[in-house]
Amino acid sequence: VWYHKPAINEELLQSLPNLKIVASAGVGIDHLDLKLLSSYGVKVSNTPFIVSTDTADMGMALLLASARRLVEGHEMAVSPDTEYFSANWLGAEVSGATLGILGMGTIGYKVAERAKAFEMKILYHNRNQRKKEEESAVGAVYCKKIDDLLQQSDFVLLAVTLTPQTHKLIGKRELELMKPTATLINISRGLVVDQDALVEALQNKVIKAAALDVTYPEPLPRDHPLLKMKNVIITPHIGSATKKTRWVMMEEMAESIEAGLAGLPIPSEVL
């Protein structure tokens, strides 16, 4: 399964009585009905670890690009209408700013490692608190309540798995808790954010900006308001999109398929 295709539904499963395994690219499995697959005796694998480094890099790239207004700056620099560069055209500081990470799994932790190098203050919220030595290594402070993180952060980065509990985790209430100078960065799944509420928050200056590698749907309709906002950066779900990583993802999927067909333990089996 690549980019959620083909759709693994009951009709497909009934048409494939000898199916033993579904190997899915990437870490997210929100597109798969695990109970349905299990009822047909089909095993599932994914490629969770190889994508972490590149996706964390993407999170920092979006944070930096939004803070320093790189897309706007490029457009200004190459525009045929530009006659001079304004001295008052300013971005936001990254060094010393507070980054709030929602979801401190492998990807979230790697983002924290990168943010530490930029001398950022790091807050995080997670289902489970990290070990003290892990927190100390990146200088991260645990927020038991998501509200505390939202109120204090200059940048809020989403790195959670999409589940029924995280569906529209960031909605109107959460956006209103954020600073009016804050930026929302999403490298998880589009449905973690209430997109209509995000549009409204950006239009009304409830928050300053957004940088999104994921939306719903993907791609957005060409007339969607997010596509017209200068304070929004959108990339085409490319968190893991480097040549090396995509090659290794394919290798890992092939290894899982071979193991599944041979009745051997499956690398990165989703239980």
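Note that the structure is a prediction, hence the values are computed from the model and not measured.

To continue, consider the layout of surface pockets. For the second largest pocket, the calculated volume is near 330 Å³. Forming the boundary of the second largest pocket are 21 residues, of which Arg69, Glu72, Lys230, Asn231 and Val232 lie nearest the centre. No other element matches the four residues that helix H4 (residues 70-78) contributes to the lining of the second largest pocket. In the lining of the second largest pocket, the residues fall into twelve nonpolar, three polar and six charged.

Moving on to the UniProt feature "domain: D-isomer specific 2-hydroxyacid dehydrogenase NAD-binding" (unreviewed entry) in the chain. Using the residue numbers shown here, the UniProt feature "domain: D-isomer specific 2-hydroxyacid dehydrogenase NAD-binding" (unreviewed entry) corresponds to residues 60-239. Across residues 60-239 one finds 32% helix and 16% strand; the C-alpha atoms that close the span lie 11 Å apart.

With that settled, consider unusual backbone geometry. Of note, the amide linkage connecting Lys5 to Pro6 takes the cis form, showing an omega dihedral of 0°. Mapped onto the elements, Pro6 comes out in the segment before helix H1 (10-15). For Lys168, which is not glycine, the phi torsion reads 55° and is therefore positive. Within the element layout of this structure, Lys168 appears in the loop between strand S6 (155-158) and helix H8 (172-177). Accessibility expressed as a relative area gives 37% for Lys168, which makes it partly exposed. A positive phi angle, close to 50°, is found at His237, a residue other than glycine.

Let's shift gears to the pattern of salt bridges. Applying the stated criterion across every chain, the model contains ten salt bridges. The salt bridge partner of Arg189 is Asp30, with a shortest N-O separation of 3.0 Å. Here Arg189 is found in the loop between strand S7 (183-186) and helix H9 (195-203), whereas its partner Asp30 is found in the loop between strand S1 (21-23) and helix H2 (34-39), with 159 residues between them in sequence. A salt bridge links Lys172 to Glu200; its shortest N-O distance comes to 3.4 Å.

Mapped onto the fold, Thr235 is located in the loop between strand S9 (232-234) and helix H10 (243-262). On the accessibility criterion, Thr235 (17% relative accessible area) is buried. Discounting chain neighbours no more than four positions away, the residues touching Thr235 are Met58, Leu62, Leu212 and Asp213.

This part is about the domain arrangement of the chain. By domain assignment, the chain separates into domain 1 (10-49 + 242-262) and domain 2 (51-81 + 91-234). Here the C-alpha centroids of domain 1 and domain 2 sit 29 Å apart. Counting residues at the interface gives ten residues for domain 1, matched by five residues for domain 2. Sorting the residues of domain 1 by area buried against domain 2 places Asp30, Phe49 and Thr245 first, and these three jointly supply 57% of that buried surface. Taken together, the connections running from domain 1 to domain 2 amount to six residue pairs in polar contact (both at pLDDT 80 or more). Classifying every residue of the side of domain 1 that touches domain 2 by side-chain character gives four nonpolar, five polar and one charged.

Rules used in this analysis
- Residues numbered from 1 in each chain as written.
- Predicted model: local features only at pLDDT ≥ 70, side-chain atom pairs only at ≥ 80, totals over all residues.
- Heavy atoms only, no water.
- 1 Å grid on protein atoms, 1.4 Å probe; cavity = no way out; pocket = protein on both sides within 12 Å on 5 of 7 lines; lining within 4 Å.
- Points joined across faces, edges and corners; volume = space filled by probe spheres on them.
- Helix = DSSP H or I, 4+ residues; strand = E, 2+ residues; numbered from the N terminus.
- Nonpolar A, V, L, I, M, F, W, Y, C, P; charged D, E, K, R; others polar.
- UniProt positions renumbered as here; feature names shortened; annotations may be inferred.
- Buried < 20%, exposed > 50% of the residue type's maximum accessible area, 1.4 Å probe, protein only.
- Salt bridge = Lys/Arg side-chain N within 4 Å of Asp/Glu carboxyl O.
- Contact = heavy atoms within 4.5 Å.
- Domains from an automatic or database assignment.
- Buried area = accessible area lost by both parts, 1.4 Å probe.
- Polar contact = N/O pair within 3.5 Å; in protein donor to acceptor, adjacent residues only side chain to side chain.

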